[in-house]
Amino acid sequence: MKKNIRMKVARTEMDLSQEELAKRVGVSRQTIGLIELGKYNPTLNLCIAICKSLSKTLDELFWEE
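Residues numbered from 1 in each chain as written. Predicted model: local features only at pLDDT ≥ 70, side-chain atom pairs only at ≥ 80, totals over all residues. Heavy atoms only, no water.

(A) Representation of the nonpolar core in the model. Core analysis: the largest hydrophobic core is formed by 15 residues, its most contacted members being M7, L21, I32, I50, L54, L61 and F62. Looking at this core, the elements with two or more residues in it are α1 (5–13), α2 (18–25), α3 (29–37) and α4 (44–54). Looking at this core element by element, the count peaks at 5 residues for α4. If we skip the residues at most four places from it in the chain, L61 touches N4, R6, M7, A10, I50, C51, L54 and K56. (Core = buried A, V, L, I, M, F, W, Y, C linked by side-chain atoms within 4.5 Å. Buried < 20%, exposed > 50% of the residue type's maximum accessible area, 1.4 Å probe, protein only. Helix = DSSP H or I, 4+ residues; strand = E, 2+ residues; numbered from the N terminus. Contact = heavy atoms within 4.5 Å.)

So this is what it looks like as structure tokens:
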């Protein structure tokens, strides 16, 4: 698994901290950090919740080109 730079960029573009995004999607801040570091593989439901919170699609944040 590789780092999720696209998710981190989308989060910072919306001026959200890891803690704020975590609260929006119902997980811990550590979970968001691990996803961004590529050390945690989120469920599809969590991916969808993150996408909705960041106004992005699954393709934009999680699917490899």
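Anyway, onward from the coordinates.
(B) Highlighting the pattern of salt bridges. Counted under the stated rule, the structure contains 1 salt bridge. Between R11 and E36 there is a salt bridge whose closest N-O contact spans 2.6 Å. With R11 in helix α1 and E36 in helix α3, this residue pair connects regions lying 25 residues apart in the sequence. (Salt bridge = Lys/Arg side-chain N within 4 Å of Asp/Glu carboxyl O.)

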